[in-house]
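Examination of the molecular architecture
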Amino acid sequence: MATQDELVRKGLLEGDIDVDQANVDKLHKNVIGLPGVLYFCIAGSAPISAMLFNVPPIAQQAGAASPLVFLLSGIGLLLLGVSIVYLSRRLTSAGGFYTWVSHSLGKGTAFQAGWLMMGGYALFEAALMGAFGSYTNSSFATYLHLNLPGGWVSWALIGTLLIFLLSYFDVKWSVFAMAPFLILEISVLVILDLVICLRGGASGHDLLHTFSALGADLKGAAPGGVLGIGIGMALGVWSWVGFEAGAVYGEEARNPRLAVPVAIFSVVAFLIILYVWTSYSATIGYGWQHAVDQFAANPSTAYYTLATTYVGGWLQALMIVAISTSALACGLAFHNGMVRYLYAMGREGILPPLFGKTHPRYRSPHMAIVAQSLFTCLLIAFFALVTQKPGTGSYGFGLPGNGYQQVDGLAPYAWLATAGTIAFIIVYIMVNLAAPLFAWRFDRASFGIVRHIVAPLLSSAVLLIPLASFILPAIPGPIGTFFTTLGFAPTPFPTNILPLFVLAWIICGLLYANYLARSDPERYEKMGRIVRGDVA
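About the criteria used
- Residues numbered from 1 in each chain as written.
- Predicted model: local features only at pLDDT ≥ 70, side-chain atom pairs only at ≥ 80, totals over all residues.
- Heavy atoms only, no water.
- Helix = DSSP H or I, 4+ residues; strand = E, 2+ residues; numbered from the N terminus.
- Buried < 20%, exposed > 50% of the residue type's maximum accessible area, 1.4 Å probe, protein only.
- Lys, Arg positive; Asp, Glu negative; His and termini not counted.
- Salt bridge = Lys/Arg side-chain N within 4 Å of Asp/Glu carboxyl O.
- Polar contact = N/O pair within 3.5 Å; in protein donor to acceptor, adjacent residues only side chain to side chain.
- Contact = heavy atoms within 4.5 Å.
- Pairing = 2+ DSSP bridges.
- Axes fitted to C-alpha atoms, helices over the stretch in contact; angles between N-to-C directions.
- Parallel < 35°, antiparallel > 145°, perpendicular 65-115°, else oblique.
- Left-handed = near helix turned anticlockwise from the far one by under 90°.
- Nonpolar A, V, L, I, M, F, W, Y, C, P; charged D, E, K, R; others polar.

Structurally, the position occupied by Asp206 is in the loop between α8 (171-199) and α9 (213-216). Despite its burial, Asp206 pairs with no opposite charge, the nearest such side chain being Arg199 at 18 Å. A polar atom in the side chain of Asp206 sits 3.4 Å from the side chain of Trp288. In contact with Asp206, not counting residues within four places along its chain, are Tyr280, Ile284 and Trp288.

Right under this line is the structure:
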């Protein structure tokens, strides 16, 4: 009989079932390598969107210190990567975080981890399709004078169809089709960064004000100072959300105990370099003294101006294309992540077994893909009927009229992405708790103070900053007012009710898990127990 240490090395613990021996439909094994997993991790973070739309508001909060904001945020995510790397080398499954948590924090918490990740990914795909629809509709109307009937909604549905087709077939086609566009968006940022740094920006390089609180005290920064840096980290951490997408490809990757942890950890490290460099280049591009006023003057086009000024109009054109393709690639990464959580929970009978089916030829979780694509279409159709009276903050539901206009696709993007991020951060903290508990219970020989205590605690402390920024200002009464006066972004309707949707989702999950535990305890006990055990 194998010892516990031997089982840990094989990725199987007592009660686990090797996916090859399980009577379930299988995914396409060993079909993607390290580059494929890297693609999904980077695409999930959507680097160009993170920079173009997060650097301006961070600069308004933290002045010229936005590079420091990204550096500190990245360190927090890198420390989370320590826990992810540890668990991914010991448990390999399409269930990702759901499987890891089940072995450490128990069945109820595991269900919530999978439930929250599944819900977050489902919302993020619809969010990204709203952004894709808005960007693409605006680009075609402005530069090609082509106005597609239905505007952003039609483009969002087209994007959903493309994602459905790319995911329905063999997973490797997702990589082959979208990887060139990922290379494009990173190349655009690197070219801009390189030219600005070589030319020295508007008034020379400056490391003192960009990497210290001195730059955060710039006039106009609100709240500025150390607090401004801390509050800016909410958007800083948000810029990485999606990097964990590679965790669900353990059953489809070649040598997953190398590919998954290396991809996740190296992507976090790579994005630290890219984000810090890009935010630094933008800051000196305008001159650190003008980090607040320039980004405040044209937040949506600040990078377009830099591209045209330092490189030329052709880079701006490529940037516009890259924003749309980035949103599409990011939506695909979230879509694939969601359907694998749905598949993992379906094949174990935790959710309807229909979701655990795979295509007989392509080995893709095709029924989960159909379900998620239909859900995205329903969300897009719902937000197509959301209207707003400009300048009043008043919303309606139905066809435009009486002063109400259809909201742009960026509105549902912001709403859905915020709710999804809250769900993700809760699970990130669960993973930080799961890693030391797993090591202590099953792998005590590898237990280390730095790896299993210091890193998870520091990472969780960083993650609590964006979680607090989304939840605390939304609390009605003096609590919300207090945090708003500190400098946290105010949360008017409907932003103020978004945490309630996450809370409602958690409650639904608790009720369902409790029902499952009572009605079918045997099935409940098998939660998170199907893993890949052939990669010792």
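The sheet contact formed by strand β2 (residues 386-389) and strand β3 (residues 394-397) spans four bridges and is antiparallel. The residue of β3 that forms the bridge with Lys389 is Ser394. Pairing geometry for β2 and strand β4 (residues 405-406), over two bridges, is antiparallel. Within the sheet, the bridge partner assigned to Thr387 lies in β4 and is Gln406.

Strand pairing in a sheet is mediated by backbone hydrogen bonds. Such pairs are either parallel or antiparallel. The three strands are arranged β3-β2-β4 in an open sheet whose pairing can be described as antiparallel. Each edge of the open sheet is held by one strand with a lone partner, namely β3 and β4.

The next point concerns the pattern of salt bridges. Taken as a whole and assessed by the stated rule, the structure comprises six salt bridges. Close ionic contact of Glu251 with Arg347 constitutes a salt bridge, the shortest N to O distance being 2.5 Å. Residue Glu251 is found in the loop between α10 (225-238) and α11 (256-286), and its partner Arg347 is found in helix α14 (residues 313-347); the two are separated by 96 residues along the sequence. Arg347 shares its class with Glu251; the two are buried.

To continue, consider the environment of Ala504. Locating Ala504 in the fold gives a position in helix α19 (residues 498-519). Separated by 92 residues in the primary sequence, Ala504 and Pro412 have C-alpha atoms spaced 19 Å apart.

Moving on to the environment of Ala368. With respect to the element layout, Ala368 can be found in helix α15 (residues 366-384). Ala368 sits in the buried class, given a relative accessible area of 0%. In the structure, Ala368 is positioned 28 residues away from Arg340 in sequence and 7.8 Å away in space, judged by C-alpha atoms. In this structure, Ala368 is in contact with Val339, Leu342, Tyr343 and Phe355, ignoring residues within four places of it in sequence.

Next up on the list: the packing of helix α6 (residues 107-143) against helix α7 (residues 152-168). Their axes nearest at 7 Å, the elements α6 and α7 cross at an angle of 125°. On the basis of their axis angle, the class for α6 and α7 is oblique. In terms of crossing hand, the pair formed by α6 and α7 is right-handed. Taking contact as the criterion, the partners of Glu125, Met129, Gly130, Phe132, Gly133, Ser134, Thr136, Asn137 and Phe140 in α6 are, on α7, Trp152, Trp155, Ala156, Gly159, Thr160 and Ile163. Taken together, the residues of the contact of α6 with α7 break down into seven nonpolar, seven polar and one charged.

Between Ala222 and Pro223 the backbone carries a cis peptide bond, its omega angle lying at 5°. Structurally, Pro223 is set in the loop between α9 and α10. The omega torsion across Phe493 and Pro494 is 0°, close enough to zero to call that bond cis. Secondary-structure assignment places Pro494 in the loop between α18 (478-486) and α19. Unlike most non-glycine residues, His145 shows phi in positive territory, near 55°. Along the chain, the position of His145 falls in the loop between α6 and α7. Residue His145 is classed as exposed on the basis of its relative accessible area, which comes to 65%. Even without being glycine, Asn255 reaches a positive phi, approximately 50°. Examined against the element boundaries, Asn255 turns out to sit in the loop between α10 and α11. On the basis of relative accessible area, Asn255 is assigned to the partly exposed category, the value being 44%.

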